[in-house]
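Chains, contacts and geometry: an overview
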Amino acid sequence: SPIDHLNTLATDSGYYRFQEGSAEDSFSSVTTAYAVIALLNKSYPVDKISAPVFPQVSYRIAGSASDLCSGEAQAPNPLELIKIVADECGFTYSIKDTSFGPYLEGIGSDLAQGMIGWLYFVNSASPQVGAVDYDLNGGDAVLWIYGDFNWKLTRVTLIDDEISSGASVQATAEYFDTGSWHALEGASVHVGSNTHLTNQSGQVSFSPADGAYQIYATKNDYFRTEVEKLIVGSKVQTSVTLSANVTGGSGGSGDGGAGNSAGFNIVIDGGADRLDFGDISAGSSKSKNITLSNQGTSKLYIESSVTGDDLFRNYLKVGQKLWRSFSANLNIGENKTTAVEIAPPSSYALFGQKSGQLIFWAIPTN
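**Regarding helix H3 (residues 78-89)**
Because each turn of an α-helix spans 3.6 residues, side chains separated by three or four positions in sequence point in the same direction. Taking 1.5 Å per residue, 12 residues should reach 16 Å; H3 reaches 15 Å between its end C-alpha atoms and fits that length. Pro78, Leu79, Leu81, Ile82, Val85, Ala86, Glu88 and Cys89 are the residues of H3 that are buried. The buried residues of H3 occupy an angular sector of 165° when projected down its axis, which confines them to one face. With a side-chain oxygen lying 3.1 Å from the backbone nitrogen of leucine 79, the N-terminal cap of H3 falls on asparagine 77. Glycine 90 sits one or two residues past H3 and shows a positive phi near 80°.

Below, the structure is given as structure tokens:
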């Protein structure tokens, strides 16, 4: 044991050697002091340093062709946010040091060139300082988007995000300028494979067939809007209870939970009634399998949502994707097994028992 080893280093003259065979030297008084304190099972007083707690913000990272990632994270500034979420979102990035400070040169294949590059917005406004110099506050909404420095920010809103079969819905496209939102005329609102142009008030109405749709708007010289989801027809859902205990050491394992609703069912491997990940440490991950089952009489389109502690809302993956990006199609009678993974980053310091709920919802499709 370490105690046995220290005892072999003691000398008849009263000092402790640094190592076996070494003679007394100018450091012997120090090594002796170390040995005596250790043999008494004591230690020097050490100041405790708490990990910094950064503000919780929401984010969206939008590339040239599509959104790369969105969610919530703790970050001190918009540039550090990119570093923090890169692994979870699955993208690479490059930051270049310039005379004006660090500059986000590229994410994935979208690289800065001429007037085209990566810009950041906070709460829809474009700050007048570099991304590393902007101090974020809790509740801020951060947007990183690739495009021309002269383009304006846009958004699309739906009057309702769930409608019954055969009903119509109204979408409004707007752009942000001089601190407020304005109607965006002539914008293309994309609804599945169909496109509708907005009128002078930035509005358009449409009546899509039953199913789940991703709605967004585009217009030349404007940034693409964030995607809004529209559900047409009857939605069924089922949920799984989540639990985990975040520790300072390595974790163990656990089993998971099941539910049932209108021909749509979840079965957890091992037959448990909840997804319990047991003990898990920051910087590690645990995965469990669930099986989605279509027991109804029509095809299903499935997505997921998560409620509860931020451990699950921010770091839960379904099918190797952050839960917000998960989707699946199930034919009649089909079963699909997928992994549910929890992977808190090494910086995660909110230890203790965590709970939440993983919800799967399905829409019948043709």
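**Concerning helix H2 (residues 28-39)**
The end-to-end C-alpha separation of H2 is 16 Å, in line with the 16 Å expected for 12 residues at 1.5 Å each. Buried within H2 are the following residues: Ser28, Thr31, Thr32 and Ala35. Buried residues along H2 cover an arc of 100° about the axis, so they all sit on one side. Lining the buried residues of H2 we find helix H1 (2-8). Count one or two residues on from H2 and you reach asparagine 41, which has phi positive near 60°.

**A look at the nonpolar core**
Grouped together as the largest cluster of nonpolar side chains are 31 residues, with contacts concentrated most on Leu316, Leu358 and Phe360. Per element, the largest residue contribution to this core is 5 residues, and it comes from strand E17 (residues 236-247). When residues no more than four places from it in sequence are discounted, the contact partners of phenylalanine 360 are Val236, Gln237, Thr238, Phe264, Ile266, Ile290, Leu292, Ile302, Glu303, Ser304, Val318 and Phe326. Among the nonpolar cores identified, the runner-up in size contains 24 residues, and Tyr59, Val85, Cys89 and Ala131 belong to it.

**Quick notes on unusual backbone geometry**
Positive phi, close to 50°, is recorded for threonine 178, a residue that is not glycine. Structurally, threonine 178 is set in the loop between strand E10 (169-177) and strand E11 (180-183). Positive phi is not limited to glycine here, since aspartate 221 has a value of about 70°. Within the secondary structure, aspartate 221 sits in the loop between strand E15 (211-218) and strand E16 (228-232). Aspartate 221 sits in the exposed class, given a relative accessible area of 54%.

**Overview of the pattern of salt bridges**
Under the defined criterion, the tally for this structure stands at 9 salt bridges. A salt bridge links lysine 152 to aspartate 177; its shortest N-O distance comes to 3.3 Å. Taken together, the residues span a long stretch of sequence, with lysine 152 in the loop between strand E7 (141-148) and strand E8 (154-158) and aspartate 177 in strand E10 at a distance of 25 residues. Here the salt bridges share partners, and the residues they tie into one network are Arg60, Asp67 and Arg224.

**Focus: the sheet that holds strand E12 (residues 188-191)**
With respect to topology, 5 strands assemble into an open sheet ordered E9-E16-E15-E12-E13, the strand pairing being mixed. Across the chains shown, the open sheet's two edge strands, defined by having one partner strand only, are strand E9 (162-163) and strand E13 (194-197). In the sheet, E12 pairs with E15 via 4 bridges, with the strands oriented antiparallel. Pairing of histidine 190 across the sheet is with tyrosine 216, part of E15.

**Concerning the packing of aromatic side chains**
For the structure shown, the criterion picks out 11 aromatic pairs. Aromatic side chains phenylalanine 326 and phenylalanine 360 sit 5.9 Å apart centroid to centroid with 80° between the ring planes, which places their arrangement in the edge-to-face category. Here the residue phenylalanine 326 occupies a position in the loop between strand E24 (321-322) and strand E25 (327-330), and phenylalanine 360 occupies one in strand E27 (residues 352-365), the gap between them amounting to 34 residues. Using a relative accessible area of 8% as the deciding quantity, one classes phenylalanine 326 as buried.

**So, the sheet that holds E27**
Here 5 strands make up an open sheet; going across it, the order is E20-E17-E27-E22-E25 and the pairing mixed. Every interior strand has two partners, whereas the edge strands, strand E20 (275-281) and E25, have only one. Between one strand and the next, the sheet's axes are offset by a mean angle of 25°, whatever the strand orientation. In terms of strand pairing, E17 meets E20 through 5 bridges, oriented parallel. Paired with valine 246 across the bridge in E20 is isoleucine 280.

What counts as what
- Residues numbered from 1 in each chain as written.
- Predicted model: local features only at pLDDT ≥ 70, side-chain atom pairs only at ≥ 80, totals over all residues.
- Heavy atoms only, no water.
- Helix = DSSP H or I, 4+ residues; strand = E, 2+ residues; numbered from the N terminus.
- Expected span 1.5 Å × (residues − 1).
- Buried < 20%, exposed > 50% of the residue type's maximum accessible area, 1.4 Å probe, protein only.
- Arc of directions from axis to C-beta.
- Polar contact = N/O pair within 3.5 Å; in protein donor to acceptor, adjacent residues only side chain to side chain.
- Contact = heavy atoms within 4.5 Å.
- Core = buried A, V, L, I, M, F, W, Y, C linked by side-chain atoms within 4.5 Å.
- Salt bridge = Lys/Arg side-chain N within 4 Å of Asp/Glu carboxyl O.
- Pairing = 2+ DSSP bridges.
- Phe/Tyr/Trp six-rings, centres within 6.5 Å; stacked < 30°, edge-to-face > 60°.
- Axes fitted to C-alpha atoms, helices over the stretch in contact; angles between N-to-C directions.

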